[in-house]
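Here is how the chains run, residue by residue.
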Amino acid sequence: MPTDLFSLEGRTALVTGGSRGIGRMIAEGFLAQGARVYVTARKAEACDRAAEEMSALGTCVSLPSDVSTTDGVRDLAERYAALEDSLDILVNNAGAAWGAPYAEFPEGGWDKVMDVNVKAPFFLTQALTPLLAKAATDHPAKVINIASIDGLSLNADETYSYHASKAGLVHLTRKLGVRLAPDNIVVSGIAPGAFASEMNRTARDHADAVAARIPAGRIGTPADMAGAAIFLASRAGDYVVGETLVVDGGVTHAR
């Protein structure tokens, strides 16, 4: 039995939306396990600041980019390729949400969410597949898509494009998992529940009230998210292909 099941020593990772929230939790977890981590976010100043702060844990590099457009995706892939000749781990975490009443839900709110949550993960994975394949030598390269429990079950919010996009990402993870496994690139996903973040302000600002509806009795912590991502990114998760791991304290089963 290997003694380094969860080690990421010597591996490179790129985390989109890595300057805050769930992306930062994952980036910090990877750094703690020895990975060299590149983080990207749309706001350059925030991305630079987060990378500088996380550099206390290891090598963390800022690559600001807007992955909501195919031009931004190509630019990010090219700038990463100028720094590294391979990529061990890609985390498609950048996300967007939009809420509006059904009768008033705008096309812009549909397109923005779909572009960030579904289109970007596909085209960034496509653009980086050659570098992922170069890393897949004595170990598989990994792609981890960050979905949501709202892609598996419903909440009461009128977030139509968000629900649809995350359900789409869960299914896209299956499709890419089957397509890329023969190339020694393992694709999997995580469906988070309540974690404190800018996107989930309810969990951030009203943790006790949210925890009362969670079977585990609490919201998720950075260690919970990092642990799931490290599992999938490391040797421990090599045989998890196309699956989306639910990390929600039991909410999906209790809804």
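The residue count restarts for each chain, going from 1 along the sequence in the order it is written. The model is predicted, so local features are restricted to residues of pLDDT at least 70 and side-chain atom pairs to those at 80 or more, both for listing and for counting; the totals for chains, interfaces and linings are taken over all residues. Heavy atoms from the whole structure form the basis of all side-chain values; hydrogens and water molecules are not counted.

Under an unreviewed UniProt entry, the name given to the chain is SDR family oxidoreductase, and the organism recorded is Mumia zhuanghuii. UniProt positions are given in the numbering used here, feature names are shortened, and annotations may be inferred rather than shown by experiment. Per UniProt, the chain carries the Sequence similarities (unreviewed entry) text "Belongs to the short-chain dehydrogenases/reductases (SDR) family."

A word on the nonpolar core. Throughout this description, the term nonpolar core refers to a set of buried Ala, Val, Leu, Ile, Met, Phe, Trp, Tyr and Cys residues connected via side-chain atoms within 4.5 Å. The buried label applies to any residue whose accessible area, calculated with a 1.4 Å probe on protein chains only, is under 20% of its type's maximum; exposed applies above 50%, and partly exposed to all values in between. If you look at the biggest cluster of nonpolar residues, it comprises 32 residues, and the most contacted ones within it are Phe30, Val37, Ile144 and Ile190. Sequence-distant contacts of Ile190, defined by excluding residues within four places in its chain, comprise Ile144, Asn145, Ile146, Ala147, Ser148, Met225, Ala228, Ala229, Leu232, Thr244, Leu245 and Val247. Membership of the second largest hydrophobic core comes to 30 residues, among which are Leu76, Ala77, Ala94 and Leu169. Only heavy atoms matter for contacts: two residues are in contact if any of them lie within 4.5 Å across the pair.

What follows concerns the pattern of salt bridges. We count a salt bridge whenever a side-chain nitrogen from Lys or Arg sits within 4 Å of a carboxyl oxygen from Asp or Glu. Scanning the entire structure with this criterion turns up twelve salt bridges. In this structure, the salt-bridge partner of Arg36 is Glu84, at a minimum N-O distance of 2.7 Å. Note that Arg36 is positioned in strand β2 (residues 36–40) and Glu84 in the loop between α3 (70–81) and β4 (89–92), a separation of 48 residues in sequence. The exposure class assigned to Glu84 is buried, which follows from its relative accessible area of 11%. Each of Arg24, Glu28 and Glu53 takes part in salt bridges that share partners, so that together they form one network. Each helix is a run of H or I in the DSSP string that is no shorter than four residues. Each strand is a run of E no shorter than two, and both are numbered from the N terminus.

Axis lines are fitted through C-alpha atoms, for helices just across the contact stretch, and the angle between N-to-C directions can take any value from 0 to 180 degrees. Interhelical geometry of helix α4 (residues 107–135) versus helix α5 (residues 160–180) gives an angle of 15° and a closest axis separation of 8 Å. Our classification of the angle between α4 and α5 gives roughly parallel. Two packed elements cross with a definite hand, and for α4 against α5 that hand is right-handed. Contacts from Gly109, Trp110, Val113, Met114, Asn117, Val118, Pro121, Phe122, Thr125 and Thr129 of α4 reach α5 at Tyr160, Ser161, Tyr162, Ala164, Ser165, Lys166, Leu169, Leu172, Leu176 and Leu180. When describing relative orientation, an angle under 35 degrees is termed roughly parallel and one over 145 degrees roughly antiparallel, while 65 to 115 degrees is termed roughly perpendicular and anything else oblique. In this scheme, a crossing is called left-handed if the near helix is turned counterclockwise away from the far one by less than a right angle; it is called right-handed if the turn is clockwise.

Inspection of the secondary structure puts Val210 in helix α7 (residues 207–211). Look at Val210 and you get buried, because its relative accessible area is 9%. Residues Val210 and Ala194, spaced 16 residues apart in sequence, show a C-alpha to C-alpha distance of 7.7 Å. Apart from the residues within four sequence positions on either side, Val210 is in contact with Ala194, Thr202, Ala203 and Ile219.

So, on to the packing of aromatic side chains. Under the pairing criterion, centres of Phe, Tyr and Trp rings, with the six-membered ring standing for Trp, must be within 6.5 Å; the plane angle then separates stacked pairs below 30 degrees from edge-to-face pairs above 60, leaving the rest tilted. One pass over the structure, following the stated rule, counts four aromatic pairs. Arranged with centres 5.1 Å apart and planes meeting at 80°, the rings of Tyr38 and Tyr80 form a pair that is edge-to-face. Taken together, the positions of Tyr38 in strand β2 and Tyr80 in helix α3 put the pair 42 residues apart, joining distant regions of the chain. Tyr80 carries the same exposure label as Tyr38, and that label is buried. When the ring of Phe105 is compared with that of Tyr160, the centres are 5.7 Å apart and the planes differ by 85°; the resulting orientation is edge-to-face. One end of the pair, Phe105, is in the loop between β4 and α4; the other, Tyr160, is in helix α5, with 55 residues separating them in the sequence. A residue is classified by how much of its surface remains accessible, and Tyr160, at 32% relative accessible area, is partly exposed.

Here we come to the pairing of strand β5 (residues 141–146). Each regular strand displays side chains that alternate between the two surfaces of the sheet. Burial of β5 is extensive: six of the six residues sit out of reach of the surface. Burial along β5 is two-sided: Ala141, Val143 and Asn145 and Lys142, Ile144 and Ile146, pointing in opposite directions, are all buried. Paired strands are those between which DSSP finds at least two bridges. As judged from the four bridges shared by β4 and β5, these two strands associate in the parallel manner. By the bridge assignment, Asn92 is partnered in β5 with Asn145. Summarising the sheet, β5 and strand β6 (residues 185–192) pair through six bridges and their orientation is parallel. Across the sheet, residue Ile146 finds its bridge partner in β6, namely Ile190. When the strands point away from the viewer and the path from the first strand over the helix to the second turns clockwise, the crossover is right-handed. Once you follow β5 into α5 and on to β6, the crossover reads as right-handed.

This paragraph deals with the side chain of Thr244. Of note, Thr244 is situated in strand β7 (residues 244–247). If we ignore the near neighbours within four places in the chain, the residues touching Thr244 are Val170, Thr173, Gly189, Ile190 and Ala191.

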